[in-house]
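# Results of the structural survey
Given next are the chains, with one letter for each unit.
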Amino acid sequence: MILEPHFWMFDSVLSDGLCDLIIERGNKLNKELGNAGGEIMLDKRKSHVAWFEHNDWIAGLCHHYATLANKQAWNFDIDGMDGCQFTEYGIDEFYETHMDTFKLCDNMRKVSVVMQLNARKDYEGGEFLFMDGDEGYEPDNFSNRGSVIVFPSFLYHQVKPVTGGKRHSIVSWFTGPQMK
């Protein structure tokens, strides 16, 4: 599939105060090990996650940016949401190359949203990369605090291991009928 653009970037649109509030709320939730494809696989993914309710205002922010980007870029048929995840990557935590959608079906993940909640000075490593074969590239400015990136859920991406500090993000997925 020829896809232009590959992603839609909103550079530093969330204020420092808003990012701090989201991190504070996320840290009050019960965190669990993140899974990969429904299983805990520490060789593929090591991070801690917690979940906001679908009707939470943070989920509403994700919906806003997903809808805005999707209308401008791809116009996929979107009619649902598959979670609003607070993610924390500590030292030596990562997520290997993966995509967020699993199969062609109704209610499949089509659009992914990632909100960058930390300033780059708060952690080392932990780069978010899109993968093109064995080569990865970091989207310009995504490491800026308060940036939001939206992309088709079938694009391969990863989070490199964190080597210092903690990286926090919000991840959400938007679903719809099977692509044809």
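Here we summarise the structure given alongside this text.

Quick notes on the rules
- Residues numbered from 1 in each chain as written.
- Predicted model: local features only at pLDDT ≥ 70, side-chain atom pairs only at ≥ 80, totals over all residues.
- Heavy atoms only, no water.
- Salt bridge = Lys/Arg side-chain N within 4 Å of Asp/Glu carboxyl O.
- Helix = DSSP H or I, 4+ residues; strand = E, 2+ residues; numbered from the N terminus.
- Buried < 20%, exposed > 50% of the residue type's maximum accessible area, 1.4 Å probe, protein only.
- 1 Å grid on protein atoms, 1.4 Å probe; cavity = no way out; pocket = protein on both sides within 12 Å on 5 of 7 lines; lining within 4 Å.
- Points joined across faces, edges and corners; volume = space filled by probe spheres on them.
- Nonpolar A, V, L, I, M, F, W, Y, C, P; charged D, E, K, R; others polar.
- Pairing = 2+ DSSP bridges.
- Contact = heavy atoms within 4.5 Å.
- Axes fitted to C-alpha atoms, helices over the stretch in contact; angles between N-to-C directions.
- Polar contact = N/O pair within 3.5 Å; in protein donor to acceptor, adjacent residues only side chain to side chain.

This part is about the pattern of salt bridges. A full pass over the atoms with the stated rule returns 9 salt bridges. Its salt-bridge partner being R145, residue D20 comes within 2.3 Å of it at the nearest N-O pair. Taken together, the residues D20 in helix α1 (residues 16-27) and R145 in the loop between β10 (135-137) and β11 (148-152) connect sequence positions 125 residues apart. When its relative accessible area of 17% is taken as the criterion, R145 is described as buried. Taking the shortest distance from any N to any O, the salt bridge between R120 and E127 comes out at 3.5 Å. Among the residues examined, R120 registers a relative accessible area of 28% and is labelled partly exposed. Overlapping salt bridges, with partners in common, bring together D16, D20 and R145 in one network.

What the largest pocket holds in volume is close to 440 Å³. For the lining of the largest pocket, the secondary structure elements donating two or more residues are β2 (32-33), β4 (48-52), β5 (80-89), β6 (94-98), β7 (108-116), β12 (157-159) and β14 (167-176). The element contributing the most residues to the lining of the largest pocket is β14, with 4 residues.

Moving on: empty space enclosed by the protein. Inspection of the entire model under this criterion finds 1 cavity of 30 Å³ or more. Taken together, the residues of the lining of the largest cavity sort by class into 3 nonpolar, 3 polar and 3 charged.

The next subject is the sheet that holds β11. Spatial ordering of the open sheet is given by β1-β11-β7-β14-β5-β4-β2, a layout of 7 strands whose pairing is antiparallel. Sheet topology places β1 (8-10) and β2 at the edges, where each strand pairs with a single neighbour. Relative to β11, β7 runs antiparallel, the two sharing 5 bridges. Across the sheet, M115 pairs through a bridge with V148, a residue of β11. This element, α1, spans β4, β5, β7 and β14 of the sheet and lies at about 90 degrees to β5. Along the sheet face, helix α2 (residues 57-73) touches β1, β4, β5, β7, β11 and β14 and points at about 115 degrees away from the line of β7.

Moving on to the pairing of β14. Extensive coverage of β14 is indicated by the burial of 10 of its 10 residues. Covered by surrounding structure in β14 are R167, S169, V171, W173 and T175 together with H168, I170, S172, F174 and G176, the residues of both alternating faces. Where β5 lies against β14, 8 bridges are found, and the strand directions are antiparallel. Residue E88 lies in a different strand from β14, and its bridge partner there is H168.

Positive phi is not limited to glycine here, since D92 has a value of about 70 degrees. One non-glycine residue, N141, lies in the positive phi region at around 70 degrees. Structurally, the position occupied by N141 is in the loop between β10 and β11.

What follows is about the environment of T101. Relative to the helices and strands, T101 is located in the loop between β6 and β7. Measuring from C-alpha to C-alpha, the distance between T101 and V171 comes to 13 Å, with 70 residues separating the pair along the chain. In this structure T101 touches M108, R109, S153 and F154, once residues within four positions along its chain are discounted. Polar contacts involving the side chain of T101 include one to the main-chain carbonyl oxygen of R109, which spans 2.9 Å.

This paragraph deals with the sheet that holds strand β3 (residues 45-46). Two orientations exist for strands paired in a sheet by backbone hydrogen bonds: parallel and antiparallel. Reading across from one edge, β3-β6-β12-β9-β10 is the order of the 5 strands in this open sheet, with antiparallel pairing throughout. Two strands bound the open sheet, and with one partner strand each, they are β3 and β10.

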